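Tertiary structure, described
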Amino acid sequence: MIAAADVLIADSEAALPVRPARGGSGLEGAVAAWAAANDFVGKPGQLLIVPGPAGAPDHALLGVGDAAVDAMAGRALAAKLPVGDWRLEGWEPAEAHGLALSFALGAYRFDRYKAKPAVPPRLVGPEGLDLAAAQAVADACFRVRRMVDTPAADMGPAEIEAEAREVAQAHGASIQVTTGDALLKANYPAVHAVGRAAAPHRAPRLIEMGWNLDAADRPLVALVGKGVAFDSGGLDIKPAAGMRNMKKDMGGAAHVLGLARLIMGAKLPVRLVVLVAAVENAISGDAFRPGDVLKTRKGLTVEVGNTDAEGRLILSDALARAGEHRPDLTLDFATLTGAARVALGPELPPLYTDDEALAADLLAASARVGDPMWRMPLWSGYRSSVEAEIADLRNDSAAWAQAGSVTAALFLQRFAPETGAWAHLDVFAWNPRARPGWPEGGEAQGIRAAFDMLERRYASRAQGLGKGGAAASPGPDSQALSPPPR
Ligand code: BES
Ligand code: MN
Ligand code: ZN
């Protein structure tokens, strides 16, 4: 099991340098000949291992184009460098810091079920880098990815709860878990309805964590995550291809636990409430059905048009609970719709919020740290799509074969806290196609941006925020992110 401290290290005697090759020029003599023989022209992301006289690696050259170094350029570096210790030499501090964090992110491997543990290369944290902070960010992302990568058999509602308990324990947060039929008494009817088919052995639960709640003068941040341990679709069962990767449907829960770790680990001066609805959308004699009308915590009733639109049902109760804390800011993460992928593909999660300042801050942070997202509209013209014939709401927006991510967000909006600002991220949480530094499997999307935004909003500026990230930082209203190199 790889931890950030295994790949981003404080020091190493034996570390070989990784130097920039800017525009491909500046190479001389034997190195220039070696570069030519290897078709190395210094394209952004291109890597050349340069041997010494005895043939062993002496140093590496990483191609840098004319533009700023991509914030995530280090991911591919970690995937391509030979195993061993490396250090950065000849880079601007901001470039080096971005490379170091992204190197750590790119070194992730999921080796839980492999006979041999993965051995990635290691990088010495560059001068001026807050090593512990970078490791914390990388570790949070590793944990998100590990939870997502873990098969549903080993990452059920109980294991999601165990992960949450570990987070709470590590940071002195309180935690309360309401499980099974107790959900009915505690008024989480939608969580119960969706998850009851998997009970009793994989019973549904609502996990609530609280941190710093006594500090009444501090702003209250609420994080809400969709934790569907496995989404079979329910009675509206998914076809095989659509079900194959549904172990990742607890991605939202993994994301908020990772983000909570970062917030608490950095001791951000906020109060924090974390809500995770952890269920398995299974099929049994007790499964909820198409056509059923569910009660929700908020009092609104929902006609189930499709049991496969289960995420918004469990989130309705969790968001309503968040609202009872009167938060100043609520962020929810959910692998909510296939339509989000149709709209923007797997690498660019849709962001929904009606709060212009929050949108601007999140998008600016997203560009700064190279953690992409794209704002989509809570288009009021489509509000009627969530209205039902015999209940207050419907969960499937059935007459609407289109804009599925938007209509799902509009459904959540009906349950979002009425205090403060709310944003929803419809994350894919998965790399479907392996690229160097982005292995196929679980991915953390948006939590680095969210954490950067929260730090800038709430941490005192004196605490030193010049952490790694893109050298370039587009204006606050820019969605002009450049894609990571292929
Ligand atoms: N978990 C899925 C959404 C999903 C599917 C995310 C594939 C990522 C990849 C969600 O519960 C779901 O099944 N949504 C349905 C909603 C529909 C029935 C209204 C969808 O997107 O098809
Ligand atoms: Mn579903
Ligand atoms: Zn789902």
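Please refer to the structure higher up on the page.
Residues numbered from 1 in each chain as written. Chains lettered and ligands numbered in written order. Predicted model: local features only at pLDDT ≥ 70, side-chain atom pairs only at ≥ 80, totals over all residues. Heavy atoms only, no water.

**A word on the coordination of the manganese ion (ligand 2)**
Distances from the manganese ion (ligand 2) to its protein donors, namely Asp231 (OD), Asp308 (O), Asp308 (OD) and Glu310 (OE), fall within the range 2.0 to 2.2 Å. Classification of Asp231 by relative accessible area gives buried; the value is 3%. (Donors = N, O, S within 2.8 Å, 3.2 Å for Na, K, Ca; no water. Buried < 20%, exposed > 50% of the residue type's maximum accessible area, 1.4 Å probe, protein only.)

**What about the packing of aromatic side chains?**
Following the criterion strictly, the structure yields four aromatic pairs and no others. The side chain of Arg75 reaches across the aromatic face of Trp438, ending 4.3 Å from its centre. Seen from the ring of Trp438, Arg435 lies directly overhead, with NZ or CZ sitting 4.5 Å from the centre. (Phe/Tyr/Trp six-rings, centres within 6.5 Å; stacked < 30°, edge-to-face > 60°. Lys NZ or Arg CZ within 6 Å of the ring centre and 35° of its normal.)

**A closer look at the coordination of the zinc ion (ligand 3)**
On the protein side, the zinc ion (ligand 3) has Lys226 (NZ), Asp231 (OD), Asp249 (OD) and Glu310 (OE) as donor atoms, found 2.0 to 2.4 Å from it. In this structure, the zinc ion (ligand 3) is surrounded by six donor atoms whose angles at the metal cover 78 to 173°, and the resulting shape is octahedral. For the zinc ion (ligand 3), all donor residues lie on one chain, and their spacing in sequence is K-x4-D-x17-D-x60-E. In this model, the zinc ion (ligand 3) sits 3.2 Å from the manganese ion (ligand 2), the two metals being bridged by Asp231. Here Lys226 is found in strand β9 (residues 220-231), whereas its partner Glu310 is found in the loop between β12 (301-303) and α11 (311-324), with 84 residues between them in sequence. Per residue, the accessibility class of Lys226 equals that of Glu310, and both read buried. (Tetrahedral: all angles 85-135°; square planar, octahedral: opposite > 155°, others 65-115°. Helix = DSSP H or I, 4+ residues; strand = E, 2+ residues; numbered from the N terminus.)

**Notes on the sheet that holds strand β17 (residues 421-426)**
Strand order in the open sheet formed by eight strands is β7-β8-β10-β9-β13-β17-β14-β15, and the pairing between neighbours is mixed. Of all strands in the sheet, those with a lone pairing partner are β7 (174-179) and β15 (374-375), marking the two edges. Pairing analysis gives three bridges linking strand β14 (residues 350-353) to β17, with the strands arranged antiparallel. For Tyr352, the partnering residue across the bridge sits in β17 and is His424. Where helix α15 (residues 447-458) meets the sheet, its contacts fall on β9 and β13 (329-334), and the angle it forms with β13 comes to roughly 170°. (Pairing = 2+ DSSP bridges. Contact = heavy atoms within 4.5 Å. Axes fitted to C-alpha atoms, helices over the stretch in contact; angles between N-to-C directions.)

None of the figures reported here should be taken as evidence of function without further support.
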